[in-house]
Structure formats: structure tokens, C-alpha cells
Amino acid sequence: MEAEAGFLSLAESMAVMSTARHRERLNGHYVSSVTSYSQQFAAKIKEVTQNNPFWDPAPYLAREPR
Amino acid sequence: MIEAPCLDCGDPLRVVVREGVIEDQDPSRICTYVDIPIRDWSRNLPRA
């Protein structure tokens, strides 16, 4: 069931939320850097979730502001 | 140390983190849940 894929352990959540996409939110240059931050976030998501389709960020990245 | 209630059941949660490492957590199997697949986050970012 796809909904079950939405669960992440605390350690997995911490790994994902520790990327620059979250860590640098108060950085004055965040908006101009968000594309690279999102790429790091997507890579970490893929690693943590072992490429689970629920967590496939490809369509999400396609909509990131440039 | 972080103490907060579970947003699902209201039970107390406690997490001790030091230098990016989880030292202790109670209960032992704390988890997070996202019900929207990441591919749909951009459709409603405030709720993603």
C-alpha cells in the first residue's frame, strides 16, 4: 500500500531534514541556492528510502522555481 | 532534549540529540509520516 511508504523512522527523517534544503532556510541566499539544495535533498531521499516510488522526487524537482 | 506530544495519539515523545546523533528516544520506535507522495508536494506546498 502506497500510504505505508510515507512512514520514516526518526533517524531516516533526521537524515533527510539535515540536508541544506532545511538547514539553510535562514540563509540570505537560500532562494538563489534552492536548486542545488533540492538536488542534495532528492539524493538523500533516494538513499534513505532506497528509491521507493512514493519518495521519487523527480516530478517535484521539475517544478522547483528557477 | 526535545519533548513533544505525538500528533496522532497525544502520547508524550522524548528525543535526546547531541551533535546530530540520536542518543535516546522514548518510545523506542518514533516515526514520522507523510501522506502525500513527494511528486504531489508542489500541488499544495503548505500542506506538504
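Our structure's up above, just so we're on the same page.
Residues numbered from 1 in each chain as written. Chains lettered and ligands numbered in written order. Predicted model: local features only at pLDDT ≥ 70, side-chain atom pairs only at ≥ 80, totals over all residues. Heavy atoms only, no water.

(A) Structural context of the interface of chain B and chain A. The interface is formed by 20 residues belonging to chain B together with 20 residues belonging to chain A. Interface of chain B and chain A: buried area, both sides summed, is about 1,700 Å²; carbon and sulfur atoms make up 66% of it. Taken together, the connections running from chain B to chain A amount to 0 salt bridges. Inspection of the chain B/chain A interface yields 5 residue pairs in polar contact (both at pLDDT 80 or more). Here the residues of the side of chain B that touches chain A sort into 13 nonpolar, 4 polar and 3 charged. One ladder, built from 3 bridges, connects strand β1 (residues 7-9) of chain A with strand β4 (residues 31-33) of chain B; its direction is antiparallel. Bridge pairing in β4(B) places A:Phe7 opposite B:Tyr33. (Contact = heavy atoms within 4.5 Å. Buried area = accessible area lost by both parts, 1.4 Å probe. Salt bridge = Lys/Arg side-chain N within 4 Å of Asp/Glu carboxyl O. Polar contact = N/O pair within 3.5 Å; in protein donor to acceptor, adjacent residues only side chain to side chain. Nonpolar A, V, L, I, M, F, W, Y, C, P; charged D, E, K, R; others polar. Pairing = 2+ DSSP bridges. Helix = DSSP H or I, 4+ residues; strand = E, 2+ residues; numbered from the N terminus.)

(B) Geometry of unusual backbone geometry. The omega angle of the peptide bond from B:Asp26 to B:Pro27 is 5 degrees, so this bond is cis rather than trans. Counting through the fold element by element, B:Pro27 comes out in the loop between β3 (21-26) and β4. We note that A:Gln50 has phi near 55 degrees; this positive angle belongs to a residue other than glycine. Along the chain, A:Gln50 falls in the loop between α3 (30-49) and α4 (58-62). Even without being a glycine, A:Asn51 presents a positive backbone phi close to 60 degrees.

(C) Up close: helix α1 (residues 10-17) of chain A. All of the buried residues along α1(A) are A:Leu10, A:Ser13 and A:Val16. Viewed along the axis of α1(A), the buried residues span an arc of 125 degrees, placing them on a single side of the element. Elements that come into contact with the buried residues of α1(A) comprise β1, α2 (20-23) and α3 of chain A together with β2 (12-18), β3 and β4 of chain B. (Buried < 20%, exposed > 50% of the residue type's maximum accessible area, 1.4 Å probe, protein only. Arc of directions from axis to C-beta.)

So far we have only geometry, and geometry alone does not tell us how the molecule works.
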